[in-house]
Amino acid sequence: MDLEEIRTFVEVADAGGISSAAARLGVAKSIVSRRLLRLEAELGVQLLARTTRGAALTEAGLTFRDYAARVRAEIDAAREAILPAGELRGRLRVAVPLSFGPTHFAPILAEMARRHPHLQIHTCYSDRFADLIAEGYDCAIRIGYLQDSNLVARRIGPIHGKLLASPDYIKANGSPESPEELVAHEALMQGTEAWHLMDGDKIITVRPQGRFKADNGTALLAAATAGLGIAYLPDRLTHEHVASGALVPVMTRYPPPPAGAYVIRPPGQHPARKIRVLTELLIEYCEPGPHPA
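Residues numbered from 1 in each chain as written. Predicted model: local features only at pLDDT ≥ 70, side-chain atom pairs only at ≥ 80, totals over all residues. Heavy atoms only, no water.

Draft legend 1. Fine view of the pattern of salt bridges. Scanning all chains against the criterion turns up 12 salt bridges. A salt bridge links K162 to D235, with the shortest nitrogen-to-oxygen separation between them at 3.3 Å. Residue K162 is located in strand β7 (residues 161-165), and its partner D235 is located in helix α10 (residues 235-244); the two are separated by 73 residues in the primary sequence. Residue D235 is classed as buried on the basis of its relative accessible area of 4%. Salt bridges linked by common partners bring E111, R114, R115 and E284 together as one network. (Salt bridge = Lys/Arg side-chain N within 4 Å of Asp/Glu carboxyl O. Helix = DSSP H or I, 4+ residues; strand = E, 2+ residues; numbered from the N terminus. Buried < 20%, exposed > 50% of the residue type's maximum accessible area, 1.4 Å probe, protein only.)

Draft legend 2. Region of the structure containing the packing of helix α9 (residues 217-225) against α10. At a minimum axis distance of 11 Å, the contact between α9 and α10 shows a crossing angle of 20°. Taken together, the axes of α9 and α10 are roughly parallel relative to one another. The handedness of the crossing between α9 and α10 is right-handed. Packed against α9, whose contacting residues are G217, T218, L221 and T225, the element α10 presents L237, T238 and H241 at the interface. Across the contact of α9 with α10, the residue classes tally to 2 nonpolar, 5 polar and no charged. (Axes fitted to C-alpha atoms, helices over the stretch in contact; angles between N-to-C directions. Parallel < 35°, antiparallel > 145°, perpendicular 65-115°, else oblique. Left-handed = near helix turned anticlockwise from the far one by under 90°. Contact = heavy atoms within 4.5 Å. Nonpolar A, V, L, I, M, F, W, Y, C, P; charged D, E, K, R; others polar.)

Draft legend 3. The arrangement of the nonpolar core in detail. Grouped together as the largest cluster of nonpolar side chains are 33 residues, with contacts concentrated most on L92, V94, F105, I156, L278 and L282. For this core, the element with the most residues is helix α11 (residues 273-286), which contributes 5 residues. Discounting chain neighbours no more than four positions away, the residues touching L278 are L92, V94, L109, M112 and C139. One finds F9, V12, F64 and A69 within the second-largest nonpolar core, a separate group that totals 17 residues. (Core = buried A, V, L, I, M, F, W, Y, C linked by side-chain atoms within 4.5 Å.)

Draft legend 4. Just the layout of surface pockets, in detail. The volume enclosed by the largest pocket comes to roughly 1,400 Å³. If you go around the largest pocket, you meet 40 residues; those closest to its centre are R7, R72, D76, D138 and K274. When residues in the lining of the largest pocket are grouped by element, the largest group, 9 residues, is from helix α4 (residues 59-82). Broken down by class, the residue content of the lining of the largest pocket amounts to 16 nonpolar, 6 polar and 18 charged. Here the second largest pocket is characterised by a volume of approximately 1,000 Å³. As for the second largest pocket, its lining consists of 38 residues, of which F129, I143, G144, Y145 and Q190 are closest to the centre. (1 Å grid on protein atoms, 1.4 Å probe; cavity = no way out; pocket = protein on both sides within 12 Å on 5 of 7 lines; lining within 4 Å. Points joined across faces, edges and corners; volume = space filled by probe spheres on them.)

Draft legend 5. Broad picture of the packing of aromatic side chains. Throughout the structure, instances matching the rule amount to 2 aromatic pairs. When the centroid spacing of 5.5 Å and the interplanar angle of 45° are considered together, the rings of F9 and F64 count as tilted. Of this pair, F9 sits in helix α1 (residues 3-15) while F64 sits in helix α4, and the two are 55 residues apart along the sequence. A relative accessible area of 0% means that F9 is categorised as buried. An angle of 85° between the planes, with centres 5.8 Å apart, marks the rings of W195 and Y232 as edge-to-face. (Phe/Tyr/Trp six-rings, centres within 6.5 Å; stacked < 30°, edge-to-face > 60°.)

Structure below.
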């Protein structure tokens, strides 16, 4: 039985359709369809019920999917075990934040590709939190504060941030000095998130309000420099604007607590070696240096 056929079937089963699986695998839909047909012919059963909306697993497909996933995992582990020391092959799908991901994380992923010429690296840049399991990602890089989940996280470095506003905004609206004053100001947010601030050793939570929202840190940075409100942004995104005076720190008596950058992966006893190598490389680049002021 062909391993690529098994791998393709698992991708179709997990993605919920041929088109989504083809995108995950980086191949044409016609190739996916041919592999599935060959696999069904070899097994002598129908694994998928094709519909106009996609493909649903038959009863036989549901049973075979778990066995096929275990076979794929065992073969991948065996391949890793016999590879020459340090060599990586196969495909690594990574979800990376769009906010400073292309500037800070893309060079590290490029370096990994340079070191491992037989490894395919497929990266998606978005500030949306991708569903790693449903969308077929091997891992993701996330920044900030992690929500509770069944995913496995490894910290790769610190992320420091500030509350910032433009001089024009401060001139027109004043600078808040306390959490109570902050909630009366225009906040630039990704959604309805809460902001965490330090009051001495105690963490307090503020729920700001604002009319300008964006799901991307670079867009919020543009709004802050335009004088639309107060933004809570990482230093790695804003340090040049602070240095030039385009943005001014506010609420300095109540700084945000340090956050972190993390590699997130689906649950499992042991991560694949390609994820371990990426994590170690990210730590090498992200952890040692001081964060920008």
